[in-house]
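Residue-level structural notes
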Amino acid sequence: MLATTALQIASATGGKLLGREDISITEISTDSRTIQPGDLFVPLKGDNFDGHNYIDMALEKGAAAALCARLPETIREDKTYLLVSDTKRALRDLASWYRGQFNIPIVQITGTMGKTTLKEMLATVLAQKYNTLKTPGNFNGDIGAPLTLLSLTSEHQAAVVETGMDAAGQIRWLGEAVRPDIAIITNIGDVHIWNFDNSREKVLQAKAEIFENLCPGGLAVLSGDDELLNTLHLEFETVRCGLAEGCSVQVVDLQERGMDGVDCTVVTARDRYPLSIPVPGAHMAGLASICVAAAERLGLTKEEIARGIAAYTPADNRLRVERLPGGRIMINDSYNANPKSVQADLAILALHTTGRRIAMLGDMTELGAFEEEGHRAVGECVGRLGIDVLLAVGERSRKWIVPAAEEAGCPDVRWYESRDAVKDDLLALYGPGDALLVKASHFICRFDLMTDFLRTYPF
């Protein structure tokens, strides 16, 4: 963060300043445990916690100031306090003001799935030309996106900001701070749909809030492979990207290289871009086409775009093809799951031909009225694609994935109550040359703990 005075912060947030106006802040922390001398501490309040209880601790550890909605009982004369009505809103407002200090291109990304993958890929591409800031991890919510903007420095020449949501209004709220030059939606799916009256159309409306803060002259980028996104008509310049024939940025000559990746050519009105994507899955070509559209708009050369795509590395637990002893392959996409992403991963697993194909799948959450339909679709896909073994975990999987997989012809279907209950059978099954897919909703199954175990197991 650039050095910012307490007076500037008070002006940006509409806060009442108590203490020195001229103190300089260069870092912001919302966690009292990680405070460094000179930081601004921003206490947040949730259903079961209130960071205001830790203001004194943060100041004692060296924080120079606190942005707070209520003052502590004792006011220290050597510290500065900025009193606001709501600290989360004040953090967003500060990020909005701070973003205005930078005249650099900013890309905002949202979508039901693929946000983090696209963010990582696009940031890698843009880094071939620009010093590019990107959202760390999936730090894409009400707190993470503002903190990403507040980490901009004078060295940055571009930024890629991922924004997620679980309710209407959130993308608009974040967009008021991001104010993108390029706004991207990857797709529309069923995650969090119960918050939208189980209506995909309402999910579309909420995602489309991203365009309300698109800068004048900005570019809207949509997946042209998504049925609902193709119903969206915008007043901005719009490009649709993907494998469908109607796309203005289109993937052609797609060739899958098994677990090694995908080759394709992306065709735009300006040029043809032969690409080698180092991650498997035809859907990766669709994301690469979005990268091409954004990067071409920002002035990257054909060589820079191809080099960036080839250099892409998945984030942790995000469709990482990992090689284990004995020629075993682990498709580690354990971070999260929804019906579309699971089916895409199963198609990758089905490419394996030198050993058994084992799918370890768990429950998917936040699907609302589409919960049964989504789980059954996954089970049917397991059988249809010829997966050899299904190891299913969780009650939703027992009710819907397991019977659908059996009906579709999967020869070996097993169910387990918990992740740890799978371990012995998995180790017995997972032989040399086999491929294993690990995928489920993160917060209910924590399959990342299984991939950590397998990565270090002495096969």
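Preceding this section is the structure that the text describes.
Now for a quick tour of the structure. Only a predicted model underlies this, so the values are computations on that prediction, with no experimental measurement involved. (Residues numbered from 1 in each chain as written. Predicted model: local features only at pLDDT ≥ 70, side-chain atom pairs only at ≥ 80, totals over all residues. Heavy atoms only, no water.)

**As for the packing of helix H4 (residues 115-126) against helix H9 (residues 302-310)**
We count it as follows: Axes here mean lines fitted to C-alpha atoms, for a helix over just the part in contact, with angles spanning 0 to 180 degrees between N-to-C directions. Strands are runs of DSSP state E lasting at least two residues, helices are runs of H or I lasting at least four, and both sets are numbered from the N terminus onward. Each angle receives one of four descriptions, namely roughly parallel if under 35 degrees, roughly antiparallel if over 145, roughly perpendicular if within 65 to 115, and oblique otherwise. Crossing handedness is defined as follows: a turn of the near helix away from the far one that is anticlockwise and smaller than a right angle gives a left-handed crossing, while the clockwise case is right-handed. When checking whether two residues touch, look at their non-hydrogen atoms; a contact exists if any pair is within 4.5 Å. Charged means Asp, Glu, Lys or Arg here, nonpolar means Ala, Val, Leu, Ile, Met, Phe, Trp, Tyr, Cys or Pro, and polar covers whatever is left, Gly included.
Put simply, H4 and H9 touch, their axes get as near as 8 Å, and they point 135° apart. In terms of axis orientation, H4 runs oblique to H9. Handedness of the H4/H9 crossing: right-handed. Between H4 and H9, the contacting residues are Met121, Thr124 and Val125 on the first element and Glu304, Ile305, Gly308 and Ile309 on the second. Residue composition of the contact of H4 with H9, by class: four nonpolar, two polar and one charged.

**With respect to the sheet that holds strand S6 (residues 65-68)**
For clarity, the cut-off: In this description, strands pair whenever DSSP reports at least two bridges between them.
Spatial ordering of the open sheet is given by S2-S7-S6-S5-S4, a layout of five strands whose pairing is mixed. At either end of the open sheet lies a strand with only one pairing partner, and these are strand S2 (16-18) and strand S4 (28-29). Inspection of the sheet shows S2 paired to strand S7 (residues 80-83) by three bridges, in the antiparallel sense. Residue pairing for S7: Lys16 is matched across the bridge by Leu83. Its contacts with the sheet put helix H3 (residues 87-99) on S4, strand S5 (40-41) and S6, and the angle it makes with S6 is roughly 115°.

**Re the pattern of salt bridges**
Opposite charge on two side chains makes pairing possible when the charged atoms of those side chains draw close. This is how it is decided: When a carboxyl oxygen of Asp or Glu lies within 4 Å of a side-chain nitrogen of Lys or Arg, that pair is called a salt bridge. Residue exposure (1.4 Å probe, protein chains only): buried if accessible area is under 20% of the type maximum, exposed if over 50%, otherwise partly exposed.
In total, this model carries 38 salt bridges according to the counting rule given. Note that Arg76 and Asp78 form a salt bridge whose closest N and O atoms lie 2.9 Å from each other. Judged by its relative accessible area of 24%, Arg76 falls in the partly exposed class. Judged by its relative accessible area of 54%, Asp78 is exposed. Here the residues in one salt-bridge network are Glu60, Arg76 and Asp78, joined through shared partners.

**A few points about unusual backbone geometry**
Of note, Asp197 is a non-glycine position whose phi angle comes to about 55°, a positive value. Its place among the elements puts Asp197 in the loop between strand S11 (182-185) and helix H7 (200-207). By relative accessible area, which is 58% here, Asp197 ends up exposed. For Arg446, which is not glycine, the phi torsion reads 50° and is therefore positive.

**What to know about the sheet that holds strand S17 (residues 320-324)**
Taken together, the six strands give an open sheet; going across it, the order is S17-S18-S22-S19-S20-S21, and neighbouring strands pair in mixed fashion. Bordering the open sheet on either side are S17 and strand S21 (412-416), each of which pairs with just one other strand. Neighbouring strand axes in the sheet, compared pairwise and without regard to direction, differ in orientation by 15° on average. In terms of strand pairing, S17 meets strand S18 (residues 328-332) through five bridges, oriented antiparallel. Across the sheet, the residue bridging to Glu322 is Met330, located in S18.

**Observations regarding the state of the cysteines**
What counts here: For the purposes of this analysis, a disulfide is any pair of cysteine sulfur atoms at a distance within 2.5 Å.
Tallying each qualifying case throughout the model produces zero disulfides. This cysteine, Cys241, is not joined by any disulfide, and Cys247 carries the nearest cysteine sulfur, 6.9 Å off. For Cys241, a relative accessible area of 1% corresponds to the buried category.

**Quick notes on the packing of aromatic side chains**
Selection rule: Side-chain rings of Phe, Tyr and Trp, where Trp is taken by its six-membered ring, are said to pair if the distance between their centres is within 6.5 Å; with planes under 30 degrees apart they count as stacked, over 60 as edge-to-face, and otherwise as tilted. The rule is short: NZ of Lys or CZ of Arg within 6 Å of the ring centre and within 35 degrees of the ring normal puts a charge over the ring.
Within this structure, the stated rule accounts for five aromatic pairs. On the basis of an interplanar angle of 45° and a centroid distance of 6.5 Å, the ring pair of Trp97 and Tyr98 is categorised as tilted. Note on Trp97: relative accessible area 26%, which makes it partly exposed. Ring geometry for Tyr457 and Phe459: centres 4.9 Å apart, planes at 70°, overall edge-to-face. Accessibility expressed as a relative area gives 29% for Phe459, which makes it partly exposed. Here Lys423 stacks its cationic end above the ring of Phe453, 4.3 Å away from the centre of that ring.

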